[in-house]
Every structure is written in structure tokens, then in C-alpha cells.
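Fold and contact review
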Amino acid sequence: MTHGLRDLRVIDFSMEIAGPYTTKLFADAGADVVKVEPSGGDPMRTWSASGADLKQEDGAFFRFLHTSKRSVVGAPSDPEILTLIEGADLVVESFAPGVIDGPALAERFPGLVVLSISGYGRSGPYASRPYTEFTIQAECGSIAGRGLPSQPPIVASGRITEWVGGTFAAVAALAAVQRARRSGQGEHIDFALLEVMNIASTTYADLMSSLAGRPEPKGPARTVEIPSIEPTQDGWVGFNTNSRQQYTDFLVLIERPDLLEDEEFGSIAGRWARMDEWNEIVRAFTTQHTTEEIVKRASLLRIPVAPVNHGKSVFDHPQFKERGVFVENPGGGFLQPRPSYLLNGANVRPLEPAPKCGEHSGRIEARAARAAGTSPQNARQTDLPLAGIRVLDATAWWAGPSSTQMLSTLGAEVIHLEAIQRLDGMRMTGGMFAGAADAWWEWSAIFLGANTNKLGLTLDLNRSEGIEIAKQLIAQCDIFVENFSPRVVEKFGLDWDTVHALNPRTLMVRMPAFGLSGPWRDNVGFAQTMEQMTGLAWLTGHVDDQPRIQRGPCDPLAGMHAAYASLVGLQERENTGEGVLLECTMVEGALNAASEQLVEYSAYGNILQREGNRAPHAAPQGVYACRGEEQWLALSIVTDAQWLALVEELGNPEWATADVLASREGRREAHDRLDDELGRWSADRDLESTVDALVARGIPAAPVLLGTRASFHPQMQARGFFEEVTHPSVGTHPMTTVPFRFASRGADPWLRSPAPTLGEHNREVLSRILGLDDAAIDALEASEVIGTHPKGM
């Protein structure tokens, strides 16, 4: 029987999505999660994004988020709740500032880990600022870069910030808890959604700008991918062409190989400059074929492709059906995505129904208080949680590297594996600097941003010598992570049976796009593909436009699901002495993030639709142009009290005082009128002073800021989110760290070293870990099994 996290107890005060998804990940792994609710219950119990009549029952979305948890009613200061905290390993809270003092709680109960999740973090000048997920996306740089220049910038819908945030937060929390159980050192984790969405949804735009010399922006910063989501005879199909080979194959697919001679179309900038012409060419083909026909043809050419699903059609996908991805909610009534990873081919625990409000009050078994521990402020040692863990990182692009980067930042020794014959594909995005910089493959912003704190090793795995060295390294590692397509790693002879034989204690983490089984097993997929396939793209985009990809969040989302699974695997090894196989399917992580629209359809038969910048839980919500060029105000009204405050700021105009606008439902129905009136009001106003005035009244508002300027944001500067890093090829630049702060670390930096240059640590790794002498290493270099310069460049 899998042990998982059965020894852990989590006390969960959090609301909305980010905190509950954090604790759902703990519950799915076997932890005892006790949800503490106010007497009226968590408001999410009565929530339905489609406005379904719940008939006084708990909503399907709440039941999904709180599967396998228990519920008690109480407040943080109640004696019985404090008794629960005394015997707990982790407390998770997302209260407004001043309700609970997370650092003080961690000090009061030495050895306890407290995770505080908030929009801007608990420190810094913005700590008390009102926010919603929408205004966080505006402020972090996400919204500004998405959409057509002819339209207002557009949010990544589905409250994706909270899903990504919950996944990152779970990794930080579990790592800290595991350290606390070993050493007694407690922790306060100050987690900021602003920072997590800057990582997940700006694709390191600030670093790219810094590499380019901080050019002044010219016109709208927003763009869309070309090709991406295209109309078909019966719906929409999604592509991405991240490599030159994929672009070439795409031209074959649309029966226009002659366009290879058009070098302008061969570049992203060229296609953007001739977008109308390009779209006409592509859609002349796609609209003459069904989605299914195009998907089959593109898959044969190994082009990343997917149908653009919505909340209904996603259930019909053959890959999901064959793999049994959707399971009956344990309380009955609807289907939901299963947990995002498999441990030795199965979920860690059987799922249990979500609790009724207060169902377990007075019935939670007492646990012995922790052994005498250390509070964060009095930590006797400052080792990072994963110190002493070694990882061989055979991943590429962004999802895999983001996972292993988190492990390295938390203290693991991570060896990033490439080959001079086949570089990490993300390095190729440095090609925009070709001609302007030597070693342009070292200039990829995403590679530089996602591979800090790692060692760099090259090995040609198409050579027997390279495979033999890889096997020797795996035998010396705690974790082996790979995200090749399944057929490739098996061709190398590095399957689970081989890895387990090399070292029975080694964990193998596999990150296939679609899984190790099923008809799509060997299909290629990237973040864009996941957004298209799961419904996230279906919800993103203006109503009068088309579905748009969210541009990136599914990469670090997959990465953090894999990092979390790795920590669960380490815990399982601690309990059994044996390594485990972890299958962390990229698309299944994305399905969990898309779960709201999936359970809305399965439970109530309602298909959620694109709403542009609007959302079911807020009204009005949108971006409104202020005086000047590209001066956009993001405004999000969630409560009726916030609406009344806005009406006062507007000067109590007659149109705003209508009784029908007193409720969110009424404002939703009148949203067109509200947008018109608010647009007129904002048009001649200064953006900065307007935001200040709204925030002073407790209204969630923010400027729509450019991701290219994120390192200058006063809140991110105050929290030290960016750190200056010097790289031997590109020089010194600000780079993102992690979206949380450990109290025990104070102002200690997170970034210990820059991303490695190609093969930078070949000699160190091969000599220190494997004991090879200089002559042996020289021979490997001479035969190009290893190297430091790309072959053929």
C-alpha cells in the first residue's frame, strides 16, 4: 500500500482556489487535511460559474476542490482550533491582512510550517492593497502582452493565476514540512500571486528586455501567435511551431511547401507583419477540413496539434477516455479530473467525498504535539530543504526545466543534460541575437531564467559511451527526470526497469505530454497544446474574436506538479526505502487547472463561454483606456461594498445608482452599459492617480503594466523578487527568483549561480561524481561524446 503523506496533518483556513488547491494536492497524496470554516461555511460551497441552481447542495466545483478533506467550524483563535494547530505540520491561510499573524503563529508553535498566500505578499508597500486575480494579472505584466493590437489587452481566463499559484505553493510548503520533520525547523512562507504570475505568464519578458538593452516600447506590446488556433470546417484546431522543423512541416500540412522560399514568412516577425495575408493562406486550407482530419495529418508530421476543446468536448477525447483520466466524484453526480500524477502507475490514495460544513467538528483525533522544534527566527541551521539531493535533469524547453529549477533552488544539486548534437530546444530562441552576439545559443531569456542554480553537462545519448555515462550518473542520483517523448527515452534504454536496476532508491520522474499509454502516447505537445486541448484556450479571448492561447502558464504548471510529485516520491522512499516511478503527464495537470468548466458541464450541463475580460465572479470587470497611449486601467468589482465605493468615486452619477446594479447578478446583466459608462469616465483621466484613488477606497484596481518593466515594480523590488545574476556570456541582469519568501532565510539570495553555458560543468561532474580522470574526459571530448560548442554551428 502506498504510504504517501499519511503522516502529515494540514490545517486549512484558505478560501477561493489557490489555497484550497494547495491543500487538495496534500489530500490527494494522503495527508489529513482539516478545513476550518466560518459558521456560515466557505462561500465557495454555493458557487457555480454558470449560475446553476444548486438546490441548497454544495456546488460541484467546491466538492472537487475539497475532495478527501475534513471540515470543522471555528476561528483561528478558538482553543479547539489552536489544539489542532499544535499537532499539525502545516497551516495554510489566505486571510486579508490583520486577521492572522502567520509569522507569530510559526513562532508560537516551533517546528510548525505556516503558508500565507496573498496577492502581493505579506511584506512590501503593496501588502495591504486590494486585489483580485484579474488585477494581479494586470500588474504582473501578463495582460499587456496578450491579444491583437486593434483590441484591448486580454486576460488569461479561468483564474489561471490561482491554479498556478496553488501548485507552486504546494511545492514550497511540502519541502519546508519535510525539512521540519527532519530537523525540527519551522517556517513561515510568504507567498505572492503577483510573483508567480510574472514567472508563469510573461515568459521572462523583463529579462528579454534587459538582454536587448531595454529598448523603448513602440505602440501596443500585445501580440498573438501565428499560426496558433485556426478555424476548421467544424470548429477550431490549435498548432504551435516552436522549431524550424515544425514550421517546415506545417507548410507541408497546409499544402504550401512553396512558401519555404519566402524567408519573411519563415520568421515570427515576418508572419506578424503580413498577418492578414498569412491567415488567408492558412485558413484556405483549415476551413476545408474537419478538426479530426487536420489533427490526424498534423500528428503524422509530428506537429504539435490539438482540437480546441470546451467543457463538453474535452470528455470525448480518445486519449482521456482510454487512460481513464476522468473519474466519478466520490460523492457522486459528476466527473472530475483525477490527480495530476501517478505513483507506480496509480494514484496515491482512494478519493473520498468532500465534507459537509462542520461535519467533523469535535471529531478530529488528537495528535501529539511535535517534538521540540525551532521557530524560523531562531533557526539553528540554514540548510535548504533539499540539500543533499542529487538530480539528473534530462528535460528541455520550459516545463521540465522549471520543475528541476525549483528543486535546485530549494537546495538540490541538479545536473542539466544536453548534447552538442542536440541542444535544449529553448536555447534556440536565443537565435534572435544571432549576429549581434557570440554564442547566441547562450542568449535565450527563457533558458537563462529557467535553469539557474544548475550544473551543465553534455552527453551524446545516441552513442553507447554517452548512454553508459548517463547510467553511471543515474546510479549516483536520487532523482532522474526526463521529458522526452516516451519512445525516445525507451530507445535510449533508460526505461524504469533499467533505472530501478541501476539504483533501487532512485526516483524516475517522467513528464510526457499526454501520458505513457493511450493513442496520443507519442504525440508532441507544448504548453500551447495543453491550453488548446483542455479548454483553457476556449475561455480566453474577446467574445467577438476567437479562442486564444494563454501563452505559457501550462509549462510551469506542469513543472510544479512534477516537482510536487518528486517530493511525494521522496517521502515514499523515506517510508519504504525504494525509489518510485512518477508519471507526471503535462495535459493532466492542465486538466486540473481547467476543472471548473469541466465540472460545470458534467454536473449541470452548462458550457462556459469566452467573456473577454469579464468573469462570472466579478462585475464590472475589464480594462478601460485612460488618457495617453496604452494607458489601461484594470478594474475588478467582486463585492457589493466595492461597487458602492466605486459609485462614490464616480461621483454618484444617476446611471450608477439604479437598484438593479446593487447586486453582482444585476451588474452582470448590465455589463455592456457599465463598460460604456466606465470607458467614458476613464478616457480623460490620468491612470496613476485614478488607480491610487480607487485603491484608497478599497477597490481592486491596477495599471496594465508591461512585463518588460517588471523588475522596476516597487513591490517586487521591495521583496527582492528579482536578483542580479552575472552570466559569463550575457553579463549581469535581473532574474526572477521564486514567488515566496522563507522567514528563516531573511534576505539571503535564492540564486546561487547563473544558468550553465553549454557543457560548462562537464569536467566537474565527470571527475567529482564519476571519478573520471583528465585523460578519459579528454577522450570523450575528442570523440564528441561531450563538448562545449554546438556541433555544426
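Predicted model, so just to flag it, every value in this text is computed and none were measured.

The rules behind each value
Residues numbered from 1 in each chain as written. Predicted model: local features only at pLDDT ≥ 70, side-chain atom pairs only at ≥ 80, totals over all residues. Heavy atoms only, no water. Helix = DSSP H or I, 4+ residues; strand = E, 2+ residues; numbered from the N terminus. Rg over C-alpha atoms; globule rule 2.2 N^0.38 Å. Buried < 20%, exposed > 50% of the residue type's maximum accessible area, 1.4 Å probe, protein only. Contact = heavy atoms within 4.5 Å. Areas by Shrake-Rupley, 256 points an atom, 1.4 Å probe, with all protein chains shown as cover. Lys, Arg positive; Asp, Glu negative; His and termini not counted. Charge placed at Lys NZ, Arg CZ, Asp CG, Glu CD. Core = buried A, V, L, I, M, F, W, Y, C linked by side-chain atoms within 4.5 Å. Salt bridge = Lys/Arg side-chain N within 4 Å of Asp/Glu carboxyl O. Pairing = 2+ DSSP bridges. Phe/Tyr/Trp six-rings, centres within 6.5 Å; stacked < 30°, edge-to-face > 60°. Lys NZ or Arg CZ within 6 Å of the ring centre and 35° of its normal. Axes fitted to C-alpha atoms, helices over the stretch in contact; angles between N-to-C directions. Parallel < 35°, antiparallel > 145°, perpendicular 65-115°, else oblique. Left-handed = near helix turned anticlockwise from the far one by under 90°. Nonpolar A, V, L, I, M, F, W, Y, C, P; charged D, E, K, R; others polar. Polar contact = N/O pair within 3.5 Å; in protein donor to acceptor, adjacent residues only side chain to side chain.

Attention now moves to the overall build of the chain. In terms of helices and strands, the chain carries 30 helices and 24 strands. For 793 residues, the compact-globule estimate of 2.2 N^0.38 gives 28 Å, and the chain sits close to it at 26 Å. The principal-axis extent of the C-alpha atoms belonging to the chain is close to 80 × 70 × 50 Å. Among the 793 residues that make up the chain, the fraction classed as buried is 63%. Pairs at least 24 apart in sequence give 76% of the contacts found in the chain among residues at least 6 apart. Accessible area for the chain stands at about 28100 Å²; split by element, carbon and sulfur atoms hold 50% of it. Treating the 70 positive side-chain charges of the chain as one cloud and the 101 negative ones as another, the clouds have centres 3 Å apart.

The next thing to look at is the nonpolar core. Phe26, Tyr564 and Phe740 are the most contacted members of the largest nonpolar core, which has 161 residues in total. Among all residues touching Phe26, those that are not within four sequence positions of it are Leu5, Leu8, Val10, Ala31, Val33, Leu90, Ala170, Ala173, Leu174 and Tyr564. The next biggest cluster of nonpolar side chains, apart from the first, holds 32 residues, and it includes Leu455, Ile474, Val765 and Ile769.

Under the counting rule described, the total for this entry stands at 58 salt bridges. Of the charged contacts in the structure, one is a salt bridge between Arg768 and Glu413, with a shortest N-O distance of 2.6 Å. A residue pair is termed long-range when its members are at least 10 positions apart, and Arg768 in helix α29 (residues 762-768) and Glu413 in strand β14 (residues 413-418) qualify at 355 residues. Residue Glu413 is classed as partly exposed on the basis of its relative accessible area of 22%.

Neither face of strand β18 (residues 581-584) is left uncovered, since the one carrying Leu581 and Glu583 and the one carrying Leu582 and Cys584 both have all their residues buried. Relative to β18, strand β12 (residues 341-343) is paired through 3 bridges, and the arrangement is antiparallel. Its bridge partner being in β18, Leu342 is matched across the sheet by Glu583. Looking at chain direction, strand β17 (residues 507-510) and β18 are connected through 3 bridges and run parallel. Across the sheet, Val509 pairs through a bridge with Leu582, a residue of β18.

Once that is clear, we can look at the packing of aromatic side chains. All told, the structure shown has 24 aromatic pairs when counted by the stated rule. An angle of 55 degrees between the planes, with centres 5.7 Å apart, marks the rings of Tyr204 and Trp398 as tilted. With Tyr204 in the loop between α7 (193-201) and α8 (205-211) and Trp398 in the loop between β13 (390-394) and α14 (399-409), this residue pair connects regions lying 194 residues apart in the sequence. Ring geometry for Phe740 against Trp750: centres 5.6 Å apart, planes inclined by 80 degrees, an arrangement best described as edge-to-face. Of this pair, Phe740 sits in strand β24 (residues 740-742) while Trp750 sits in the loop between β24 and α29, and the two are 10 residues apart along the sequence. In this structure Phe740 comes out as buried when scored by relative accessible area, which is 0%. The rings of Phe239, Tyr247, Phe250, Phe265 and Trp278 are connected pair by pair, giving a single aromatic cluster. Cation over ring: Arg610 sits above Trp538, and NZ or CZ is 5.7 Å from the ring centre.

Bringing the sheet that holds strand β3 (residues 70-73) into the picture now. In space, the 7 strands of this open sheet follow the order β3-β2-β1-β4-β5-β6-β24, with mixed pairing throughout. With one partner strand each, in any of the chains shown, β3 and β24 form the two edges of the open sheet. Taken pair by pair, the neighbouring strands of this sheet meet at an average axis angle of 20 degrees, ignoring direction. As defined by bridge partners, strand β6 (residues 187-192) adjoins β24 across 3 bridges and the pair is classed as antiparallel. Paired with Ile189 across the bridge in β24 is Phe742. Contacting β1 (9-12), β2 (32-37), β3 and β4 (90-93), helix α3 (residues 79-86) runs over the sheet at an angle of about 145 degrees to β1. Contacting β4, β5 (113-118), β6 and β24, helix α6 (residues 160-183) runs over the sheet at an angle of about 170 degrees to β6.

Moving on to the pairing of β2. Burial of β2 is extensive: 6 of the 6 residues sit out of reach of the surface. The two faces of β2 match: Asp32, Val34 and Val36 on one face and Val33, Lys35 and Glu37 on the other face are all buried. Across 4 bridges, the pairing between β1 and β2 is parallel. If you follow Asp12 over to β2, its bridge partner there is Lys35.

With that out of the way, let us pick up the sheet that holds β13. The 7 strands lie next to each other as β12-β18-β17-β16-β13-β14-β15, forming an open sheet whose pairing is mixed. In this open sheet, the two strands that pair with only one neighbour each are β12 and β15 (454-458). Averaged over all pairs of adjacent strands, the angle between strand axes in this sheet comes to 20 degrees, irrespective of strand direction. Note: β14 against β15, 5 bridges, orientation parallel. Paired with His416 across the two strands is Gly456, which belongs to β15. Contacting β13, β14, β15 and β16 (479-482), helix α16 (residues 464-475) crosses the sheet at an angle of about 145 degrees to β13.

Looking now at the packing of α6 against helix α21 (residues 554-576). The N-to-C vectors of α6 and α21 enclose an angle of 25 degrees; their axes lie 9 Å apart at closest approach. On the basis of the axis angle, α6 is roughly parallel to α21. Classified by chirality, the crossing of α21 by α6 is left-handed. The segment α6 lies against α21, with Trp163, Val164, Thr167, Phe168, Ala170, Val171, Leu174, Ala175 and Gln178 engaging Pro556, Leu557, Met560, His561, Ala563, Tyr564, Leu567, Val568 and Gln571. Looking at the contact of α6 with α21, its residues break down into 14 nonpolar, 4 polar and no charged.

Take the packing of helix α5 (residues 133-140) against α7 next. At a closest axis distance of 9 Å, the pairing of α5 and α7 adopts a crossing angle of 60 degrees. Here α7 runs oblique to α5, going by the angle between their axes. For α5 against α7, the interelement crossing comes out right-handed. Two secondary-structure elements touch here, α5 through Ile136, Gln137, Glu139 and Cys140 and α7 through Leu193, Leu194, Met197 and Asn198. Taken together, the residues of the contact of α5 with α7 sort by class into 5 nonpolar, 2 polar and 1 charged.

Let us now look at the side chain of His733. Its place among the elements puts His733 in strand β23 (residues 731-736). A polar side-chain atom of His733 sits 2.8 Å from the main-chain carbonyl oxygen of Val730.

Of all the 8 residues making up helix α19 (residues 527-534), 8 are buried; the element is thus mostly covered by neighbouring parts of the structure. When α19 is considered as a whole, its buried residues turn out to be Ala527, Gln528, Thr529, Met530, Glu531, Gln532, Met533 and Thr534. In the segment just after α19, Gly535 is the residue with positive phi, at about 105 degrees.

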